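Chain residues, written in single-letter form:
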Amino acid sequence: MKKCDLEYILVEKKQINKFKTSYEPLLNYDTVTVEHSDLVLFRLHWENVDMNLMLNDRQDKNEKKNRRDCMNSEKDKEEQEHMDVRLKHCLAYVLHTSGTTGTPKIVRVPHACILPNVQHFRRLFGITQEDTLFLASPLTFDPSIVEIFVALSSGASLLIVPTSVKVLPSKLATVLFSHHKVTVLQATPTLMRRFGSQLIKSTVLSASTSLRVLALGGEAFPSLTVLSSWREEGNKTQIFNIYGITEVSSWATFYRIPEEVLNSTVKCELPVPLGCPLFETVVEVRDTNGFTIQEGSGQVFLGGKNRVCFLDDEITVPLGTMRATGDFVTIKGGEIFFLGRKDSQIKRHGKRLNIELVQQVSEQLQQVETCAATWYNQEKLILFIVPKDNLVKDYIFKELQKHLPNHAIPDELVLIDTLPFTSHGKIDISELNKIYLDYLNSKTENKLHGKKELWKKLQYLWKSILSPSEDSLKVPNESLFSNIGGDSLKSVRLLYEIERLVGTSVPGLLEVILSSSLLEIYNHILQTMFMDENQTFTKSNATKRKLNDINHEEAIGEPSHQKSVLPLNGDNEINACIALSRGSQIFPLNVARFLGHHSSACSSELIAQTNTLNFKSLNPSVLTGQSKDLCCVEKVSEEEKPVTGAKKMEFRVRWRSDTGKCVDASPLVIVGVDKSSATVYIGSHSHRMKAVDLYSGKVKWEQLLGDRIESSACVSKCGNFITVGCYNGLVYVLQSNSGEIYWVFTTEDAVKSSPTLDPTTGLLFIGSHDQHVYALDIYKKKCVWKLKCEGTVFSSPCLSLIPHHLYCATLGGVLLAVKPTTGNVVWKHSCGKPLFSSPRCFQQFLCIGSVDGNLLCFTHLGEQVWQFSAGGPIFSSPCISASEQEVYFGSHDCFIYCCDMSGHLQWKLETTSRVYATPFAFHHPNHSSETFLAAASTDGKLWILESQSGQLQGVYELPGEVFSSPVVWESMLIIGCRNNYIYCLDLLYNNKK
C-alpha cells in the first residue's frame, strides 16, 4: 500500500471491525461519507507511517523469534500460556481500586499490559519533545502511569501541580494554559466540568488555546451538544473519547470526535461511540448468555493476549483472559455506544432507568452549568445542579418533563455551588449524599404555616412516594395507601417524610398510614400538630375492615388437586418430619415423641434455634453425621474428602414454579424423616397457596384463598396441617397433603404476620393488623385467647420454652412478653420506633431490629443488654448461629451484618441494594466445619457468604425483586421472587482454587 501510494480504501460495513483491528496500528486515516449504505470509504495519510511500519516490522521479527524459542521446550510453552506474578520483572506497579464503579480490588499490573497503552498514545496524539502534558491523575489512579510515561518516553515535559492549585478551577486554568502552555490533557469529564462552561470556552478550548489534544475518560462522555457549547469558534483542539477499566490497566478504546461534528452549528443528539481498540487490546460484547454479539446490547469484556492483570490473590492468569467490565453498550452499524454501568441501572416505579440519562439530559438545559444524579438510599432520585444564573426549580422540572419519561423525573432538585469530586477526578457520590442529608436537615427548620400547607405537602408526598396513575392529577381524599401500590417499605419512607415535614414524631401514624385513607392520615396529623384549633376537614370514621360476617365459602376456592384425608384428633395421627423456615429455623416433629428434651427457644414460624435438641431417639439415617448439634440436619454424607481452599460457589436453577403474581412470603420446607419426600409450602399475591415437591418442582396441590398472601406458612404439631394468614383478615388451616381447608379463623384486619407453634401445647399464635395477637387451638377449632398489643402486629411472634414466653412486636414500637397459656403480659418495652422485624430468641437473650437502624438485645426479663446501630432501617429479622455466638441480619443501608453476643461487629458485607429478607445460616453438606450464610437483597441478588469471616462465596441474580427470605436444605436454596416465581437453586460447591 505504501509503495503504490494508495489513497483510498473502500470497506464493507460488516468488515469494518476486522479492518480497524488489522490496520489501526499501521495506518493514519479518516472516513469519507459515501452514498452507499453498506460501504465506508477510508482516506489514507502516509506522513507518519514509516515509523509505524518499522516498529511493526521489529515486532514481527520479535514474535518470530519468540515462536522459535517457544518450540524449544514444553516449559516455555506453558509459560507462554499463563502470566505468572512470581516471575522476576513481571510487575510494573500495584494499585488498589477505589470501588467507585464496583467492588474495591487490588490490581497488580504487568509491564506487558500497560506498555501498549504508552506506545499507542504516543503515536495517536503525535507526542514530541515540544509538548507539555499535565499530570491530572493522582498516582493512585492508573491513568497517571500513561501520562507520566507517554511524556518521559517522548522527551516531552510533564507538568505537576500541587493539590491546592488543582482544587481552584480558575487558578488551575491560568497555570495550565497561560503560564505553562499545556498541549495534552487527559482528564475525567468531571474535572473538565469543574472549570465551568465559561472558563472552558474562554481558556481551555478557546480559539487561541495551547491545548492540542483533550482526551476524556473514566466516566460517561459528555453529549455532543454540551461538548460543542464548550468550544469557542475557531478552536482546533483534537478531542478523544477514551475508555477502559483498571482491571485491564489502563485504557482499552479510543474515538476521535470528527472536526465536522465539532464545528457543526446544528444541535447534535447522536451518542459518541467508544471507538477502536488500542494496541493489543481485544473488545468483546456479550449478551446475558455469555455469547459474543455483533449487533444489539450487552456487557463489555476487555482483554488481549498480554492485556491481563492479577486481581486480588491471583498468582497465574491465562493469557488472553477477558474481564467483565460491568458496563453495558449497544452495537449499531459496527460502532459500540455506551449505555451505562450495571450499578447505574435502577428500577423505579416498576421500570428500568439509567441514572446517567437523567444527568445527560439535565446538563443540556440552558440554565444548568453542570449536574449529577444519585439514587439516595435506593429510594429517591436526587438531581444536584450547579446553576448558571438564577435558576428556577419549577422551570427545570417542566423542561425535564418534556425530555424524560415520567419514571425518570427526579424526586428533588438540590442547588449546589460546585460538584464534589474524588482524588481520581470522579464525582464523589458519598459527598453528594452528605450534602443532601444536610439539605434535608435544613428543611426541617422551616415550620409549616397552617393546615392548608400541610394538606398540600401531604398530597405531594403521597404522589411522589406512591406514584399513582399518571392521569390522576388530583389525589382523591379517600385514596387508600394499600390500594395504590403501598407496601411496608414505602410506609416507612412516608412516615419519615411526614415526621421530617412536621418536625416531630406522630404517635400511631404508621398504623394509620397502613390502614386508612389520605384524609384520615391528614386528620391524625392534625390531632398532633393543631390540637387546640378547629379542624377544617371533618374526620371520617376509621374504615377498618370488620370481617366477622364474611361468608367463608365466598372467601375461599376449591383446591386444584385433592386427596382423601382421614379426620384427625390432635395427636392421634403423627407425621414425623423436619420443618425448616426463614432465619435458620429448623425443627424436628413431633417433639414429644422423638426428642429427649426441649430447646429453650422456638421459632416465629416454627421453633426458633433448636441447637440443643438431642436426636438420640431419632433414626440415625434421618440425620446423617454424628453431631448432637442440630446443624447435622443439614449434612448429607461424610464420604468425600474434606474441602480445602473452597472459595467460590455457583448456582444452578433446579426448578421454578409460577404462582401468577409476586411471591413475598418465605418458604416453609417439610422433609420426611426418611428424606424420600420433601415439600415446599408458599403463598403469593395471586391468592394462591402452593405445595411443590422440593426435589422435582412438581406441584402437589394448589389452593385459592380469599386475598393476597404475604404470611409464611407454619406446620402444626402433628405435621398434618399448615396454617397461613391472608390479607382478607382470615387465618387458614389447610391439610398439608391435599390443601383442603380444615378450618378458617376470622380476625378484624389483614394478617401479614406468620404463625408460631408451641410444641408443648400445640397452640398456634398469630398477629393481625387489628392490633391483636391470637392463640388458636386448631384441633378444637377455637380461639383460646386474644391480646390487644398497643399497635399493629406485622411481624411474627417468637416462642421461648425456657422461660415459657411468647414475644410479640408492634408497629407502635412496643415489644411484649406474654404467657403463652393465658395471654397475660409478663413485661413490655417501648422501643420508640416501629418494629417490622420479628423477634428471635435463644438461651439467654432475644434480639429484634428497629426501623431507626438499631438491633436491640434483651434478657428474658425485659432488660436491654445492648444495641447495635446499622446505617439504615432494619426490616430483616435476626438469624442466630448454631453455636448461639453470632447474630446475622440485613439493613436498608445495603449491608449484611454479623455481631457477636456482646453487640460487637464481627464483619459486614455491602450488597447492591437494601436487605429486607432474613438471612439463613447453614453448613456445607459434606463438611460441618464449613458454615455459610444465605442472604437476599431487594434487587434480586442472592448472596452466599462464609459465615465466620463474611467472605463472599457467590452471587446469583434473579429476574425480579426479592422480599422473600431464603431457606436452605442440603444443597438446595428455596426462595420467592417478585417475577411471580418460586425458585429452587442447587448450590454447587467449587473446590478449585
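Before going into details, it helps to say that this report is about the structure given with it. (Residues numbered from 1 in each chain as written. Predicted model: local features only at pLDDT ≥ 70, side-chain atom pairs only at ≥ 80, totals over all residues. Heavy atoms only, no water.)

Observations regarding the state of the cysteines
1) Next: This structure, assessed with the given rule, holds zero disulfides.
2) Next: This cysteine, Cys-113, is not joined by any disulfide, and Cys-309 carries the nearest cysteine sulfur, 3.6 Å off. (Disulfide = S-S within 2.5 Å.)

A look at the sheet that holds strand β24 (residues 412-415)
1) Next: Taken together, three strands build an open sheet; the order of strands is β22-β23-β24 and the sheet is mixed. Only two strands of the sheet have a single partner each, and these edge strands are β22 (368-376) and β24. Across this sheet, the average inter-strand angle for adjacent strands is 25°, counted without regard to direction.
2) Next: Sheet strands in contact with helix α12 (residues 355-363) are β22 and β23 (380-387), and its direction is about 160° off that of β22.
3) Next: Helix-sheet contacts for helix α13 (residues 393-403) involve β22, β23 and β24, and the interaxial angle to β24 is about 130°. (Pairing = 2+ DSSP bridges. Helix = DSSP H or I, 4+ residues; strand = E, 2+ residues; numbered from the N terminus. Axes fitted to C-alpha atoms, helices over the stretch in contact; angles between N-to-C directions. Contact = heavy atoms within 4.5 Å.)

A closer look at the sheet that holds strand β11 (residues 238-243)
Backbone-to-backbone hydrogen bonds join strands into a sheet, with any given pair of strands oriented parallel or antiparallel.
1) Next: Read from one edge of the open sheet, seven strands run β8-β7-β9-β10-β11-β12-β13, paired in mixed fashion. Here the strands that pair on one side only, and so sit at the sheet edges, are β8 (157-159) and β13 (276-277).
2) Next: As judged from the three bridges shared by strand β7 (residues 132-134) and β8, these two strands associate in the parallel manner. Residue pairing for β8: Thr-132 is matched across the bridge by Ser-157.

Remarks on the pattern of salt bridges
1) Next: The tally for this structure, following the rule as stated, stands at 19 salt bridges.
2) Next: Among the salt bridges present, the one from Glu-247 reaches Lys-105, with a minimum N-O distance of 3.1 Å. Of this pair, Glu-247 sits in the loop between β11 and β12 (253-256) while Lys-105 sits in the loop between β5 (91-96) and β6 (106-110), and the two are 142 residues apart along the sequence.
3) Next: We classify Glu-247 as buried; its relative accessible area is 13%.
4) Next: Where Arg-193 meets Glu-363, a salt bridge forms, and the shortest distance between an N and an O atom there is 2.3 Å. With Arg-193 in helix α8 (residues 189-195) and Glu-363 in helix α12, this residue pair connects regions lying 170 residues apart in the sequence. (Salt bridge = Lys/Arg side-chain N within 4 Å of Asp/Glu carboxyl O. Buried < 20%, exposed > 50% of the residue type's maximum accessible area, 1.4 Å probe, protein only.)

Remarks on unusual backbone geometry
1) Next: Omega for the bond connecting Ser-249 with Ser-250 falls within 30 degrees of zero, at 0°, which places this linkage in the cis form.
2) Next: On the secondary structure map, Ser-250 appears in the loop between β11 and β12.
3) Next: The residue after Ile-802, namely Pro-803, is reached through a cis peptide bond having omega -5°.
4) Next: Mapping Pro-803 onto the fold places it in the loop between β40 (798-800) and β41 (805-809).
5) Next: One non-glycine residue, Glu-790, lies in the positive phi region at around 65°.
6) Next: Turning to its location among the elements, Glu-790 is positioned in the loop between β39 (782-788) and β40.
7) Next: Positioned with a positive phi, Glu-970 is a non-glycine residue whose angle comes to about 55°.
8) Next: Looking at where Glu-970 falls in the secondary structure, it is placed in the loop between β56 (967-969) and β57 (972-976).

Quick word on the packing of helix α7 (residues 169-179) against helix α9 (residues 197-204)
1) Next: Interhelical geometry of α7 versus α9 gives an angle of 15° and a closest axis separation of 11 Å. As judged from the angle between their axes, α7 and α9 are roughly parallel. Helix-helix and strand crossings are classified by hand; for α7 and α9 the assignment is right-handed. Contacts from Pro-169, Ser-170, Ala-173 and Phe-177 of α7 reach α9 at Leu-199, Thr-203 and Val-204.
2) Next: Looking at the contact of α7 with α9, its residues break down into five nonpolar, two polar and no charged. (Parallel < 35°, antiparallel > 145°, perpendicular 65-115°, else oblique. Left-handed = near helix turned anticlockwise from the far one by under 90°. Nonpolar A, V, L, I, M, F, W, Y, C, P; charged D, E, K, R; others polar.)

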